[in-house]
Amino acid sequence: MRSKVTGAQRWVVKIGSALLTADGKGLDRAAMGVWVEQMVALHNAGVELVLVSSGAVAAGMSRLGWSKRPSAMNELQAAASIGQMGLVQAWESSFAEHGRHTAQILLTHDDLSDRKRYLNARSTLRTLVELGVVPVINENDTVVTDEIRFGDNDTLAALVANLVEADLLVILTDRDGMFDADPRHNPEAQLIYEARADDPALDAVAGGTGGALGRGGMQTKLRAARLAARSGAHTIIVGGRIERVLDRLKAGERLGTLLSPERGMLAARKQWLAGHLQTRGTLVLDAGAVQALRQANKSLLPVGVKTVQGSFRRGEMVVCVGPDGLEVARGLANYSALEAQKIIGQSSEAIESVLGYSAEPELVHRDNLILV
Ligand SMILES: Nc1ncnc2c1ncn2[C@@H]1O[C@H](COP(=O)(O)OP(=O)(O)O)[C@@H](O)[C@H]1O
Ligand SMILES: N[C@@H](CCC(=O)OP(=O)(O)O)C(=O)O
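Residues numbered from 1 in each chain as written. Chains lettered and ligands numbered in written order. Predicted model: local features only at pLDDT ≥ 70, side-chain atom pairs only at ≥ 80, totals over all residues. Heavy atoms only, no water.

### Quick word on the pairing of strand E12 (residues 327-332)
By the criterion of burial, E12 is predominantly enclosed, with five of the six residues buried. Strand direction decides the pairing type here: strand E11 (residues 317-321) and E12, joined by five bridges, are antiparallel. What sits directly across from Val-318, in E12, is Gly-331. Hairpin connection, E11 to E12: the antiparallel pair is bridged by five residues, and Gly-325 has positive phi, about 85 degrees. In terms of strand pairing, E12 meets strand E13 (residues 369-371) through three bridges, oriented antiparallel. Opposite Arg-330, over in E13, you have Ile-370 as the bridge partner. (Buried < 20%, exposed > 50% of the residue type's maximum accessible area, 1.4 Å probe, protein only. Helix = DSSP H or I, 4+ residues; strand = E, 2+ residues; numbered from the N terminus. Pairing = 2+ DSSP bridges.)

Following this line, the structure appears as structure tokens:
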């Protein structure tokens, strides 16, 4: 029984090109329908789901009648933009049969390394998930080159797992999981059931690149598991054609390869925060706020802040000091310095009328706060 999997509340499910297309002949609608049924069952069981779907290039190739993946970048990008239409239509109509909506999100890695875009993507995704809609994410292939060339949606899925703070990343692929050698070349290869994501022995076994349609192979899947582990997520690499694979994973069956993070989710996040040394401003707290942070492990609300110093943007690191000027904590601000100036000393309910909008009730959420 895999308790980390059965207990996971937020899943990112990534489906690769190798699986989505029926031997290069367009999208495998029947297979998509079977995954959708299972995803809907997970949803009904209270699991929050985000889907990362490849397959745009492969679907575009089929619409254009191309049998060979083009090597020219402009042709790949054209194929992706044509195929993306079919891809989202197929997901939307399949989920609609179960009364569920989907939402299309196209992202690039650059979007996620820019703090402001990162926060915007995060709040959109959170809102969609709260609305019970399944976001369907793919790379924005028109504006990127490296990712489409390397077929690296595995990395995108891991970045999404970090973004939505998923506890589980499920990478569905055309093999049963990660083997101790490339099964295409070594029929004796054995499935690895469990490992620590950071185990260096895995580098040697994940050497080969992918198949004709997918491009990343196991290497990008391993890297994805390591990235996902940074925010404390577990990763499962598993065969998407295994019967009722998602249902069985949810039931705790030992399928595929489970790659575990070295630390728990919150610990991983706090560690990441602690390594974030550059601070952009200071919040001076009143005695009550200092006590709430230190003794009750609470979030910092605007009402407990007396002054704001420095110039910081939403998402940047600020130092929190007590009335005596001594550092109490540091954390990521939910509002910029200019916005913070306007809302300090006020109740969280007042944020909306002061700013004209309200992002979060806290100035710094406790998950983004480390006590000093
Ligand atoms: N150690 C390994 N275990 C399993 N598969 C491997 C391994 N090394 C390389 N591979 C290859 O990786 C392929 C899956 O990657 P890829 O084609 O990129 O799929 P996807 O489109 O699902 O991302 C498999 O078909 C397999 O041949
Ligand atoms: N974003 C592109 C390429 C991504 C890709 O091939 O990734 P994968 O099959 O997951 O290794 C697509 O949708 O076709």
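### Details of the sheet that holds strand E10 (residues 305-310)
What the five strands build is an open sheet, ordered E10-E9-E11-E12-E13; its pairing is mixed. Edge positions in the open sheet fall to E10 and E13, since each of these has one partner strand only. When strand polarity is set aside, the average angle formed by the axes of neighbouring strands in this sheet is 20 degrees. Where strand E9 (residues 281-285) meets E11, four bridges bridge the pair, whose relative direction is parallel. (Axes fitted to C-alpha atoms, helices over the stretch in contact; angles between N-to-C directions.)

### Here's the deal with the side chain of Glu-362
In this fold, Glu-362 is placed in the loop between helix H16 (351-355) and E13. Arg-126 is the oppositely charged side chain nearest to the buried, salt-bridge-free Glu-362, at an N-O distance of 7.6 Å. Excluding residues that lie within four positions of it along the chain, Glu-362 makes contacts with Ser-299, Leu-300, Leu-301, Pro-302, Asn-334 and Tyr-335. (Lys, Arg positive; Asp, Glu negative; His and termini not counted. Salt bridge = Lys/Arg side-chain N within 4 Å of Asp/Glu carboxyl O. Contact = heavy atoms within 4.5 Å.)

### Focus: the UniProt feature "binding site: ATP" (unreviewed entry) in the protein
What UniProt calls "binding site: ATP" (unreviewed entry) maps, in this numbering, to Lys-14, Thr-173 and Asp-174. Over a stretch of 161 residues, the named residues converge on one spot in the fold, their C-alpha atoms separated by at most 12.1 Å. Mapped onto the secondary structure, Lys-14 falls in strand E1 (residues 10-15). On the basis of relative accessibility, which here comes to 4%, the residue Lys-14 falls in the buried class. What Lys-14 contacts, discounting residues up to four positions off in sequence, is Val-52, Ser-54, Asn-153, Asp-154, Ala-157, Val-170, Ile-171, Leu-172 and Lys-221. (UniProt positions renumbered as here; feature names shortened; annotations may be inferred.)

### Some points on unusual backbone geometry
Of note, the phi angle at Glu-165 is positive, near 50 degrees, even though the residue is not glycine. Its place among the elements puts Glu-165 in the loop between helix H9 (153-163) and strand E5 (168-173). The buried category is assigned to Glu-165, whose relative accessible area is 18%. A positive phi angle, near 50 degrees, is found at Arg-244, a position not held by glycine. With respect to the helices, strands and loops of the structure, Arg-244 is situated in the loop between strand E7 (234-239) and helix H12 (245-250). Judged by relative accessible area, which is 31%, Arg-244 ranks as partly exposed.

### Observations concerning the pattern of salt bridges
All chains considered together, the criterion is met by 18 salt bridges. One salt bridge connects Arg-117 with Asp-111, and the closest N-O pair in it is separated by 2.5 Å. A residue is classified by how much of its surface remains accessible, and Arg-117, at 48% relative accessible area, is partly exposed. Since its relative accessible area comes to 15%, Asp-111 is described here as buried. Here Arg-196 makes a salt bridge to Asp-198, at a shortest N to O gap of 3.0 Å. Using a relative accessible area of 33% as the deciding quantity, one classes Asp-198 as partly exposed. Here the salt bridges do not stand alone but share partners, grouping Arg-2, Glu-194 and Arg-254 into one network.

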